[in-house]
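# An overview of the molecular structure
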Amino acid sequence: FLLQSRMFVLRMRSLFAAFIFFLSASHAFTPVRYSTQRSFHRTNRVVPTAVLDGLVERISTAVSSFGGTKTITENAVAGALKDVKRALLDSDVNLQVANSIVADVTKRAIGVEVTKGVTAEQQFIKFMYDSLVEIMGGNVTSPVASHDDHTARPTVILMAGLQGAGKTTSAAKLAMAIKKDEEGAVKRGALLAAADIYRPAAIKQLEILGESIGVEVINLGTEISPVEIASKAVERAIELQSETGIPYTVIIDTAGRQVIDGPLMEELKGVKEAVSPDEVLLVVDSMTGQEAATITARFNDDIGITGAILTKLDGDTRGGAAISVRAVSGCPIKLVGMGETMKPLEPFYPDRLASRILGMGDLVSLVEKAQESMKEEEAAEVMQKMKDATFNFDDFLKQAKMVSQMGSMSGVMGMLPGMGDMKITRKQIDQAEIKLKKHESIIKSMTKKERQDPLLLISDRTSQSRMKRISQGSGTSLVETQSFLAEFQQMRTMMSRMSKMQGAPGNEGGDPAAAPSLGNRKARRKAAKGKKTGRPSGGGFGKKK
């Protein structure tokens, strides 16, 4: 999969690098001051956040003291593991889980000779990665049950959880994911059952969400018992299977409580006995940290669950829930939800999350999200515009839309390897997203001709009057508009250089990592020797051929 998508990954990485550079140039990330020597310096150094605030930095700092050791000894890792444990606990990882990770890494690392070609730090991070993957479920996903035969009984999924965890929204997102038409997959239908009879607002919410995604909702009111509602929903799904000839999945949205209590558990047990669900999925809020693991264990002990859905994972800046749930409860995390917008639930991949926790990025998820947002042909077209320095404001809007469709900016950046080294805080990301909205407003106040030809606003003699009109139309100041245009032109220049580097000698394959660095004078001179400059090849001033 990655080999087939290699060129696409490279193109997407260049696009995002340029996009992030633009936001950086807009001073949302790293304040810059220019000196009289035409060089620039960062005015401050902020804490790197990568994907999970603090955890990446703490682990990186902990292992940076290994130096050039050839064999990892107990003395070498003792201090690092102490810091790693503290970092895990600060990230709200369960104490027993943190101890288990430390013990496992110790067992893997002590006495191991450092592999040739890597550092002790890198090898230690590999041991951390292996331990995290194992404790979160291994290198496999836990798929949600489904029947592919429309003549068989419909698949039934029972949703459980406390109030505020996001059960109703998750039920609709799950229905959306089930309906999603994937190449080669069996087409199937979804049916939602509103069994939370204690909250009329929840029933209304489910109806609204169901209508927005084109899924029927079984609503029998608040006077009918949840057991009867669930049974009627299964009967309706059987009818739909007979009518349409496709398999159906029934998703039952149940009531929650502020705390776990007897009546809640008895009600869930009654529904479970009545419809014999294929899956009992507990919806837990990842923002609750290790408490999510405790809740999962309690539900599993009382009613028996088959897995968990972690909601608001994009807001869990510490990662305690994702790391702790399976280890504490014994139940796998099957699906994760990102944000409150109506996007399908995603499968949980332990290996991908472990990679992001350790600041190594997640190219597989990046490719999957990018392919959903932009076709490879479109990416190639934009890359050509970057190379030719013809990237215009319409292209910028398309790219901004693509990034927003892929999720939050922090989530996208977390999937890019190396982004953890850009010293970026969540506050700065929020500021960048606000600034991006202003820039979109400025562009939308331009005429079609201006959006397609940036030079009309940069070097044309009418540029000043045009900028005044645009700033008035966008509700921004003239200084903000002028600053945006200057930054846009700077970005175009940088993008053109980056694209040309991908075609430099020795890098025809397009790998940015293999291209000569802009800061490497020797490499640039060597790459430039074979180029024709169009100038006479005379021997110097005053000399003739």
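Looking at an unreviewed UniProt entry, one finds the protein chain named signal-recognition-particle GTPase and attributed to Octactis speculum. Under the UniProt heading Catalytic activity (unreviewed entry), the note attached to the protein chain is "GTP + H2O = GDP + phosphate + H(+)".

## Let's talk about the overall build of the protein chain
Broken down by element type, the protein chain carries 22 helices and 10 strands. Scored against the burial criterion, the 545 residues of the protein chain give a buried share of 47%. Long-range pairs, those at least 24 residues apart, make up 74% of the contacts in the protein chain between residues at least 6 apart in sequence. Carbon and sulfur atoms make up 51% of the accessible area of the protein chain, which amounts to about 27000 Å² in all.

## Digging into the packing of aromatic side chains
Aromatic rings in a pair are described by how distant their centres are and how their planes are angled relative to each other. On inspection of all chains with the given rule, the structure shows 6 aromatic pairs. Measuring from centroid to centroid gives 6.2 Å for Phe396 and Phe484, while their planes differ by 70°, and the two rings are edge-to-face. Linking Phe396 in helix H15 (residues 393-405) with Phe484 in helix H21 (residues 478-501), this pair joins segments that are 88 residues apart in sequence. The class of Phe484 is buried, set by a relative accessible area of 0%. A network of ring pairs unites the aromatic residues Phe391, Phe393, Phe396, Phe484 and Phe488 as a single cluster. In this arrangement the basic side chain of Arg352 is found over the ring face of Tyr349, its NZ or CZ atom lying 3.7 Å from the centre.

## Examining the pattern of salt bridges
Across all of its chains, the model carries 18 salt bridges by this definition. Put simply, Arg236 and Glu239 hold a salt bridge, and the shortest N to O gap is 3.3 Å. In this pair, Arg236 and Glu239 both sit in helix H8 (residues 226-244), 3 residues apart, roughly one turn of the helix. Judged by relative accessible area, Arg236 falls into the partly exposed class, the value being 23%.

## With respect to the packing of helix H10 (residues 290-302) against helix H11 (residues 320-329)
For the pair H10 and H11, the least separation of the axes is 7 Å and the interaxial angle reads 30°. Considered as vectors, H10 and H11 are oriented roughly parallel to each other. The chirality of how H10 crosses H11 is right-handed. Of H11, the residues touching H10 (which contributes Gln290, Ala292, Ala293, Thr296, Ala297 and Asn300) are Gly320, Ala321, Ser324, Val325, Val328 and Ser329. For the contact of H10 with H11, the per-class residue count stands at 6 nonpolar, 6 polar and no charged.

## Side note on the sheet that holds strand E8 (residues 307-311)
Ordered in space as E5-E4-E6-E3-E7-E8-E9-E10, the 8 strands form an open sheet in which the pairing is mixed. The two strands at the open ends of the sheet, each matched to only one other strand, are strand E5 (216-218) and strand E10 (346-347). Pairing between strand E3 (residues 155-160) and strand E7 (residues 279-285): 4 bridges, direction parallel. Across the sheet, residue Met159 finds its bridge partner in E7, namely Leu281. Contacts between helix H9 (residues 262-275) and the sheet are confined to E3, strand E6 (248-253) and E7, with E3 contributing the most and set at about 180° to the helix.

## Things to note about the pairing of E7
Counting buried residues along E7, 7 of its 7 residues qualify, which places the element largely inside the surrounding structure. Across 5 bridges, the pairing between E7 and E8 is parallel. In the strand pairing of E8, Leu281 is matched with Gly307. Between the parallel pair E7 and E8, the chain is carried across by H10, and the sense of this crossover is right-handed.

## What about unusual backbone geometry?
Across the chain, the bulk of peptide bonds are trans and the bulk of non-glycine residues have phi less than zero. The backbone of Asp92 shows a phi angle near 70°, a positive value even though the residue is not glycine. Examined against the element boundaries, Asp92 turns out to sit in the loop between helix H3 (74-90) and helix H4 (95-109). Here Ser276, not a glycine, exhibits a phi torsion of approximately 45°, which is positive. Given a relative accessible area of 47%, Ser276 falls into the partly exposed group.

## Things to note about the pairing of strand E4 (residues 189-194)
Regular strands place their side chains on alternate faces of the sheet. Taking burial as the measure, the 6 residues of E4 include 6 buried ones, the bulk of the element. Bridging between E4 and E6 involves 6 bridges; their strand directions are parallel. Directly across from Ala193, in E6, lies its bridge partner Ile252. As defined by bridge partners, E4 adjoins E5 across 3 bridges and the pair is classed as parallel. Note on E5: the bridge partner recorded for Leu191 is Glu216. Crossover handedness for the path E4 to helix H7 (residues 200-213) to E5: right-handed.

## A word on the environment of Leu457
Relative to the elements of secondary structure, Leu457 occurs in helix H19 (residues 455-458). For the pair formed by Leu457 and Met467, sequence separation is 10 residues and the distance between their alpha carbons is 6.8 Å. Ignoring anything within four residues of it in the chain, the contact list for Leu457 reads Phe393, Met446, Glu450, Ser463, Arg466, Met467, Ile470 and Leu485.

## Notes on the nonpolar core
Considering soluble globular proteins, one finds that nonpolar side chains tend to be buried as a cluster. Core analysis: the biggest nonpolar cluster contains 72 residues, and Met136, Ile252, Phe299, Leu310 and Ile323 have the highest contact counts within it. Considering every element that reaches this core, the biggest residue donor is helix H5 (residues 120-136), with 10 residues. Lining this core are residues from two domains, each supplying at least three of them: domain 1 (52-136) and domain 2 (155-348). If near-sequence neighbours (up to four positions away) are discounted, Met136 is found in contact with Ala322, Ile323, Arg326, Phe348, Pro350, Leu353, Ala354 and Ile357. Residues Ile178, Ala194, Val283 and Leu335 belong to the second largest nonpolar core, which totals 23 residues.

Conventions and cut-offs
Residues numbered from 1 in each chain as written. Predicted model: local features only at pLDDT ≥ 70, side-chain atom pairs only at ≥ 80, totals over all residues. Heavy atoms only, no water. UniProt positions renumbered as here; feature names shortened; annotations may be inferred. Helix = DSSP H or I, 4+ residues; strand = E, 2+ residues; numbered from the N terminus. Buried < 20%, exposed > 50% of the residue type's maximum accessible area, 1.4 Å probe, protein only. Contact = heavy atoms within 4.5 Å. Areas by Shrake-Rupley, 256 points an atom, 1.4 Å probe, with all protein chains shown as cover. Phe/Tyr/Trp six-rings, centres within 6.5 Å; stacked < 30°, edge-to-face > 60°. Lys NZ or Arg CZ within 6 Å of the ring centre and 35° of its normal. Salt bridge = Lys/Arg side-chain N within 4 Å of Asp/Glu carboxyl O. Axes fitted to C-alpha atoms, helices over the stretch in contact; angles between N-to-C directions. Parallel < 35°, antiparallel > 145°, perpendicular 65-115°, else oblique. Left-handed = near helix turned anticlockwise from the far one by under 90°. Nonpolar A, V, L, I, M, F, W, Y, C, P; charged D, E, K, R; others polar. Pairing = 2+ DSSP bridges. Right-handed = clockwise from strand over helix to strand, strands pointing away. Core = buried A, V, L, I, M, F, W, Y, C linked by side-chain atoms within 4.5 Å. Domains from an automatic or database assignment.

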